[in-house]
Amino acid sequence: MYDVTGNGTEVDVATNLMNGDIRLSILWTQEILLSADAAEQVADALRRAAAQSRSITDATSAN
């Protein structure tokens with residue numbers, strides 16, 4: 001997702017497939033200004049990452 005100022009700031013969400021840790025990166029700046037639609041995209045990405053993280057950690061603890 002990119003911020004509303006158009007300066008190229010990006011938000012990235014990723015899940016570490018080895019341990020389930022979730023990384024939230026804000027690239028190129030210390031803050032980001034999001035539209036309502038972009039904020040929903042970030043929230044959705046975090047929810048997906050949380051579900052994936054739970055799957056990874058549940059599988060790891062079951063072994």
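Here, every reference points to the structure presented above.
None of the values given here were measured: they were computed from a predicted structure.

S.K.: How should the overall build of the protein chain be read in this particular structure?
M.R.: Check the secondary structure of the protein chain and you find one helix and two strands. Across the protein chain, helices and strands are ordered from the amino to the carboxyl terminus as β-β-α. In terms of overall dimensions, the protein chain is more spread out than a globule: its C-alpha atoms have a radius of gyration of 14 Å, far above the 11 Å expected for 63 residues. Its C-alpha atoms give the protein chain principal-axis dimensions of about 45 × 20 × 10 Å. Out of the 63 residues in the protein chain, the part that is buried amounts to 24%. Intrachain contacts of the protein chain at a sequence separation of at least 6 include 48% that bridge at least 24 residues. Accessible surface, the protein chain as shown: approximately 4,500 Å² in total, 52% of it carbon and sulfur. Averaging the locations of the 4 positively and 9 negatively charged side chains of the protein chain gives two centres separated by 7 Å.

S.K.: When you look at helix 1 (residues 36–62) in this model, what are you seeing that I'm missing?
M.R.: An α-helical segment advances 3.6 residues per turn. Residues three or four places apart therefore align on the same side. Between its first and last C-alpha atoms helix 1 spans 39 Å; for 27 residues at 1.5 Å apiece the expected length is 39 Å, and the two agree. Considering only its buried residues, helix 1 is in contact with strand 1 (10–15) and strand 2 (22–27).

S.K.: What should I look at first to understand the environment of R23 in this one?
M.R.: The topology assignment puts R23 in strand 2. Each C-alpha atom of the pair R23 and L46 lies 9.3 Å from the other, and the pair is 23 residues apart in sequence. Ignoring any residue separated from it by four or fewer positions in sequence, one finds R23 in contact with D12, V13 and A14. One polar contact links R23 to S25, side chain to side chain, over a distance of 2.8 Å.

Parameters and conventions
- Residues numbered from 1 in each chain as written.
- Predicted model: local features only at pLDDT ≥ 70, side-chain atom pairs only at ≥ 80, totals over all residues.
- Heavy atoms only, no water.
- Helix = DSSP H or I, 4+ residues; strand = E, 2+ residues; numbered from the N terminus.
- Rg over C-alpha atoms; globule rule 2.2 N^0.38 Å.
- Buried < 20%, exposed > 50% of the residue type's maximum accessible area, 1.4 Å probe, protein only.
- Contact = heavy atoms within 4.5 Å.
- Areas by Shrake-Rupley, 256 points an atom, 1.4 Å probe, with all protein chains shown as cover.
- Lys, Arg positive; Asp, Glu negative; His and termini not counted.
- Charge placed at Lys NZ, Arg CZ, Asp CG, Glu CD.
- Expected span 1.5 Å × (residues − 1).
- Polar contact = N/O pair within 3.5 Å; in protein donor to acceptor, adjacent residues only side chain to side chain.

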